[in-house]
Amino acid sequence: MTHPTEAPTNPLPVTDRPGSRAARLRAPLARQVVEAVAVDNGVCVRPLPMRRTSLDTGETQIIPVPCGATLASKCPSCAERARRLRIAQCKAGWHLDDEPLPDPDPPSDDAKALAVLRADLETARDEVLTAGDVAQVREIDELIDQVDAELTDLGVRGQITPTDRDRPRRTRSTKRRQDAPDLPRLPVDRRTVGRTFTAPDGTAWRPSMFLTLTCDSYGRVHSDGTPVDPGSYDYRRAARDAIHFPKLLDRFWQNLRRSAGWDVQYFAALEPQRRLAPHLHAAIRGTVPRVTLRLVAAATYHQVWWPTTGLPVYDGQRLPVWDDATGGYHDPDTGDALPSWDAAVDAIGEDDEPAHVVRFGPQLRADGVTANSANTGRMIGYLTKYLTKSLDACHAVDTDRQRAHVDRLAAALRYEPCSPTCANWLRYGIQPRHPRRELAPGRCTGKAHRRETLGFGGRRVLVSRHWSGKTLTDHRHDRVDFIRQQLEALGATGTGPAAPASDPTRLAWTLLRPGDPAAPRREHLILHAIAQRHAWRAQLGLATGPGTGEKAGGSSATGPPLADAA
Ligand SMILES: [Zn+2]
Ligand SMILES: [Zn+2]
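Residues numbered from 1 in each chain as written. Chains lettered and ligands numbered in written order. Predicted model: local features only at pLDDT ≥ 70, side-chain atom pairs only at ≥ 80, totals over all residues. Heavy atoms only, no water.

## Remarks on the sheet that holds strand S13 (residues 507-511)
Working step 1: Taken in spatial order, the three strands make up an open sheet running S2-S1-S13, and their pairing is antiparallel. The open sheet has two edge strands, strand S2 (60-65) and S13, and neither has a second partner. Geometrically, the sheet is characterised by an average inter-axis angle of 30° between neighbouring strands, direction not taken into account.
Working step 2: Taken together, the six bridges between strand S1 (residues 48-54) and S2 define a ladder with antiparallel strand orientation. When the bridges of S2 are listed, Arg51 appears paired with Ile62. (Pairing = 2+ DSSP bridges. Helix = DSSP H or I, 4+ residues; strand = E, 2+ residues; numbered from the N terminus. Axes fitted to C-alpha atoms, helices over the stretch in contact; angles between N-to-C directions.)

Rendered as structure tokens:
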């Protein structure tokens, strides 16, 4: 990020008239200064104002709640905090010796508070939508996604908004494709930890693995990731593979468990390669023979049973027209209704080929890793390296050739249907599922079409259910508890975020809507949070002895995980 305060390093004397436009531009914006200080202190730069009401005393307080963004472009502080939490989670599960405990019951108070927040956000979204504020809608949608992800982490199943519930209308033949090798099928043991090996000298060791899976090739590429022949590079297949990659990954883990014969656990992160195709890095607990991994990867595929999309039927200005009477779209010239989604899917015959088949590419890497080796830390760093960046920002795009490559992929993604409800089906003369007015091909709001996702609209971190035996929220609480214990051991009675919370059932939280007269300016909220952080850091400075306080509160990876607690 740019530091506005760096301007005075210019060796030329500043001769601008005070108050001139140049002088005003040189002065850092108050907001930028506040945000820069917030980032230095690990404090959220986009806090949400929440009103906390004590049900006993009726006392209310406006509390800045961190936005919880996972991308540094949105909020560097929250993104770094989220990344460190993932590091802790990855570490906790990789070399477990014992079976992790069964899934804990979801902490129901947290889930309830989130559900209330979710409802508030939905109302706020309606309000800004009526006001026509598109930027706000998008911001709220991002928050809704985060709350949903958080709810999933708490073990709450199912989505609250039914956006694309995918229920196949007809069951397709489960006969294996002829072009995919057969897989051994073993009964799956309930065991989730790997085997222990004992060396001749008696030391026991339990190796684990680091696995990398890639997408197929779409054409030869240069070392900068751009195609040798852009004309023949298969952008359409690249786009489709990215959109359906999550399904392929699910199949892979299923197949791997059946072939290995035990309940293989993983912590995986998705990243783009230089050529912008997604690939997966995974920490696997225990070892699976490389030959098995290769066989499973080669035999895994996912078939997409959607209507086939060849050449566009409607393009440019000639688009299907919405009809209020029938609640659907019809042809602009003939007035005939377009086939419904269900009819189009029913028309796929028994002998038809699927619209698309996703497979892995031939490059597969699998390395053994032993517990506590220097390697483990390096591998975890590798796994979590890009988590705070959007997929399109992981590799620098410096040359025109690279920019053109991104543009061509983005163009392919723009018109590729992302789900049965996608507006792009209209382009191919089919009504999307649950059609509504004002749908336009190329303007679907699905995540997969956004440039920053490179087609991959799913979650970036994929963790199996029995990885560490804890939810992400449990890991977060572990870190807060750690600070609290330190403070208590030294007799500090905290009033900061580590203070023993008042009875959470006696507190009610509500989100302040944009425009609420009680809502403080964002700068004020941030300053409030910074002051809180300072007070708390001072306490911890006392607790850990002189000289260490500053370090503990900073972004040092070795100090107590302060940034994760608030
Ligand atoms: Zn934040
Ligand atoms: Zn779409």
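## Things to note about the coordination of the zinc ion (ligand 2)
The textbook angles at a metal center are 109.5 degrees for a tetrahedron of four donors and 90 or 180 degrees for an octahedron of six.
Working step 1: Bound to the zinc ion (ligand 2) are the protein donor atoms Cys418 (SG), Cys422 (SG), Cys444 (SG) and His449 (NE2), situated 2.1 to 2.3 Å from the metal.
Working step 2: For the zinc ion (ligand 2), the four donor atoms are set out with angles of 101 to 117° between them, so the coordination reads as tetrahedral.
Working step 3: One chain supplies every donor for the zinc ion (ligand 2), spaced along it as C-x3-C-x21-C-x4-H. Of the two residues, Cys418 is situated in the loop between helix H10 (400-415) and strand S12 (461-463) and His449 in the loop between H10 and S12; the sequence distance between them amounts to 31 residues.
Working step 4: Residue classification places His449 among the buried residues on the basis of a relative accessible area of 12%. (Donors = N, O, S within 2.8 Å, 3.2 Å for Na, K, Ca; no water. Tetrahedral: all angles 85-135°; square planar, octahedral: opposite > 155°, others 65-115°. Buried < 20%, exposed > 50% of the residue type's maximum accessible area, 1.4 Å probe, protein only.)

## A word on the pairing of strand S6 (residues 266-272)
Working step 1: With seven of its seven residues buried, S6 lies for the most part within the structure.
Working step 2: Alternating positions in S6 separate into two faces, Tyr266, Ala268, Leu270 and Pro272 on one and Phe267, Ala269 and Glu271 on the other, with burial throughout.
Working step 3: Examined bridge by bridge, S6 and strand S7 (residues 278-284) share seven bridges and lie antiparallel to one another. Residue Phe267 lies in a different strand from S7, and its bridge partner there is Ala283.

Remember that the coordinates give geometry; whether it matters functionally is a separate question.
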